[in-house]
Amino acid sequence: MSKKKIYVDIDETICFYEGVVRRGYKNAIPNYKNIKKINNLYNDGYYIKYWTARGSVSKINYYDLTEKQLNELGCKYHE
């Protein structure tokens, strides 16, 4: 039996921007409650893939920033 896959959108799921003067991805405020839930799913054997539309309009590549944020926030994931 293959692992069940869960796709997780990043913005407004594991981080948000409430009260932030300028909504830039570097200003993201972590949602540790949701990160913990997703990490628990990872620990339970689910395949976690983070998904984002960052840069889809601006064509700016946010891959390195996003990967750094995921790691700094302690997010467990496969992709």
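Residues numbered from 1 in each chain as written. Predicted model: local features only at pLDDT ≥ 70, side-chain atom pairs only at ≥ 80, totals over all residues. Heavy atoms only, no water.

Asks: How would you explain helix H2 (residues 63-72) if you had to name every residue and give the values?
Replies: Helical geometry note: an α-helix holds 3.6 residues per turn, so side chains three or four residues apart project in the same direction. Within the span of H2, buried status applies to Thr-66, Gln-69 and Leu-70. With its buried residues spanning 100° around the axis, H2 presents them on a single face. Of the residues in H2, the exposed ones pointing more than 90 degrees away from the buried face are Asp-64, Lys-68 and Glu-72. Its buried side turned inward, H2 meets strand E4 (47-51). (Buried < 20%, exposed > 50% of the residue type's maximum accessible area, 1.4 Å probe, protein only. Helix = DSSP H or I, 4+ residues; strand = E, 2+ residues; numbered from the N terminus. Arc of directions from axis to C-beta. Contact = heavy atoms within 4.5 Å.)

Asks: Summarise the pairing of E4; cite the residues concerned and give the values.
Replies: Burial within E4 is extensive, with four of its five residues counted as buried. Alignment of strand E1 (residues 5-9) against E4, held across five bridges, turns out to be parallel. From the neighbouring strand, Ile-6 faces E4, where its bridge partner is Ile-48. (Pairing = 2+ DSSP bridges.)

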